[in-house]
Amino acid sequence: MRYVSTRGQAPARDFAGVLLAGLAEDGGLYVPEAWPQLGPADWRALRGLPYPALAARLLQPFIGAAIAPDIVARLCAEAYAGFGHPAIVPLVQLETNLFVQELFHGPTLAFKDMAMAVLGRLFEHVLAERGERATIVGATSGDTGSAAIEAFAGRSLVDIVILHPHGRTSDVQRRQMTTVTAPNVRNLAITGSFDDCQDLVKAMFADAAFRSEMRLSAVNSINWARIAAQVPYYAAAALALGGPDREVAFAVPTGNFGNVLAAWVARRMGLKVARLVVGSNRNDILARFLEANDMSARPVEPSLSPSMDIQVSSNFERLLFELLDRDAAATAAAMTAFRRDGKMPVPGAAWHRARTLFHGFRLDDPGTLGEIARLHAASGYLADPHSAVGIAAARARPAGHGVPMVAMATAHPAKFPDAMEQATGTRPGLPARMADLFERAERFDVLPNDLGAVQAAVRGLAGRNAPR
Ligand SMILES: *Cc1c(COP(=O)(O)O)cnc(C)c1O
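Computed from a predicted structure; not experimentally measured. (Residues numbered from 1 in each chain as written. Predicted model: local features only at pLDDT ≥ 70, side-chain atom pairs only at ≥ 80, totals over all residues. Heavy atoms only, no water.)

Q: So what's going on with the site of the ligand? Residues and values would help.
A: Close to the ligand lie 15 residues; Lys112, Asp143, Gly255, Asn256 and Thr410 are nearest. In this structure, an oxygen atom belonging to the ligand sits 2.7 Å away from a main-chain N or O atom of asparagine 256. Threonine 410 is positioned with one of its side-chain polar atoms (N or O) 2.8 Å from a nitrogen atom of the ligand. In isolation the ligand offers 380 Å² of accessible surface; the protein chains occlude 96% of this area. Residues belonging to the shell around the ligand are distributed by class as follows: five nonpolar, eight polar and two charged. (Near = heavy atom within 4 Å. Polar contact = N/O pair within 3.5 Å; in protein donor to acceptor, adjacent residues only side chain to side chain. Areas by Shrake-Rupley, 256 points an atom, 1.4 Å probe, with all protein chains shown as cover. Nonpolar A, V, L, I, M, F, W, Y, C, P; charged D, E, K, R; others polar.)

This is how it looks when you write it as structure tokens:
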């Protein structure tokens, strides 16, 4: 399987190449040269497989010859072995034709684990094959950093350095990162904002000498392997509900558009998906786009669902490329205009095509608390603020008579105890396997918002990665 850049000016790569590269050199995102296709009989043959086996089978066409199938199967089995639910991605029925798929049973209790657990093992395998090492650096305001640290902790060929804004993450999120004691993990608390952290990471990547000296790599949400590893749970839900012989619909609480893009990919591979509902909080650029072709960025405002507090959804570029019939020059021009003017020009025909499948939905904070309370009263179900937006989106935009709608639950309610208490009156406890999170010792370094200081810290951990 070959991958091409959405902007058409970077070399084509195989799966291992795009895994390690992340972003393409032309600033574009890698997408498969052609989408794998499964016929109805192929989908039916996948029914009833344990989730890790299903994941391996659906990842394989994206990996192609880069990694052998028996190895992919083993890596997937290992990736999901530590999850806190035997079904890995259980479906819970809330109402007639309304289901929740829980994606939060991984080590950090958020859906990022679904892909990151696989990614960590794929990285280690590919590096071992090549006789290379790598240093992952990233900035986080919450779930991505902790999922990455969990996935890479203890791996022998990868070091990982995660920057977070000092004192500005939730206690649970910070402790999930800072209580990991593996020697290849380093947490840097930067006295600054999340944007400062992100700028420091960008500056490290822009420093070509430092980048190659440290063999820097990234696992942010634009890494293709993360999208690929999210496709299987959409298939799992559809197959459980009668697919491919029955249409299903999905509602997805959305930030960077990575999760819902994986649903689009499942459909592109041949799964019958009637509708995709994109749930947003008050940061509603995607809802405005789908309503009125208004893709204009506004300042990010904090909400009860912080992982969706995003105004530029980086993975949207992959959908745009498809909506523009894979015209890389037009995609590059639209992205340049977006960066320059803060508004993305999407041709009317492409917008109309998006609207035949995607529907937008927005919910503000009071609405989110109301939905959490309503769900709790109706069935006792506890949905975190992100999942509540997804469930409200599913209820507001049903796909039609008899089409089951599956809302993606992306975080465990215990990650957001304050919002849960406000809505329901009780604070959900952490699952038993991490009940001692607040007793574990934390380890992190507080550093100024200064590139030199951060680079020195990365060198200190990762110096052993210098080419020998
Ligand atoms: C990352 C995240 C999202 C948003 O997912 P995208 O793929 O960025 O759209 C939603 N909910 C939670 C809990 C998350 O961690």
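Q: Residue-level account of empty space enclosed by the protein, with values.
A: Enumeration according to the criterion identifies two cavities of 30 Å³ or more in this entry. For the largest cavity, the calculated volume is near 70 Å³. Secondary-structure elements contributing two or more residues to the lining of the largest cavity are α13 (285-292), α14 (316-323) and α15 (328-341). Quantified by volume, the second largest cavity comes out at close to 40 Å³. Forming the boundary of the second largest cavity are Thr254, Gly255, Ser280, Asn281, Asn283, Ile285, Leu286, Met308, Ile310 and Ser313. Residues that form the lining of the second largest cavity fall into these classes: four nonpolar, six polar and no charged. (1 Å grid on protein atoms, 1.4 Å probe; cavity = no way out; pocket = protein on both sides within 12 Å on 5 of 7 lines; lining within 4 Å. Points joined across faces, edges and corners; volume = space filled by probe spheres on them. Helix = DSSP H or I, 4+ residues; strand = E, 2+ residues; numbered from the N terminus.)

Q: Please provide a residue-by-residue account of the packing of aromatic side chains, values included.
A: Each aromatic ring pair is described using two quantities: the centre-to-centre distance and the angle formed by the ring planes. Here the structure, examined in full by the defined rule, presents 13 aromatic pairs. Arranged with centres 5.1 Å apart and planes meeting at 75°, the rings of tyrosine 80 and phenylalanine 83 form a pair that is edge-to-face. The exposure class assigned to phenylalanine 83 is buried, which follows from its relative accessible area of 10%. Centroid distance tyrosine 233 to tyrosine 234: 5.1 Å. Interplanar angle 40°. Geometry classified as tilted. Tyrosine 233 gets classed as buried once you look at its relative accessible area, which sits at 0%. Cluster of aromatic residues (ring-pair linked, three or more members): Tyr3, Phe15, Trp35, Phe62, Trp224 and Trp264. (Phe/Tyr/Trp six-rings, centres within 6.5 Å; stacked < 30°, edge-to-face > 60°. Buried < 20%, exposed > 50% of the residue type's maximum accessible area, 1.4 Å probe, protein only.)

Q: So what's going on with the environment of tyrosine 80? Which residues, and what values?
A: Relative to the assigned elements, tyrosine 80 resides in helix α4 (residues 69-81). Classification of tyrosine 80 by relative accessible area gives buried; the value is 2%. When the C-alpha positions of tyrosine 80 and glutamine 173 are compared, they lie 21 Å apart, and in sequence the two are 93 residues distant. Contact partners of tyrosine 80, with chain neighbours within four places excluded, come to Tyr51, Pro52, Ala55, Ile88, Met114, Val118 and Ala229. (Contact = heavy atoms within 4.5 Å.)

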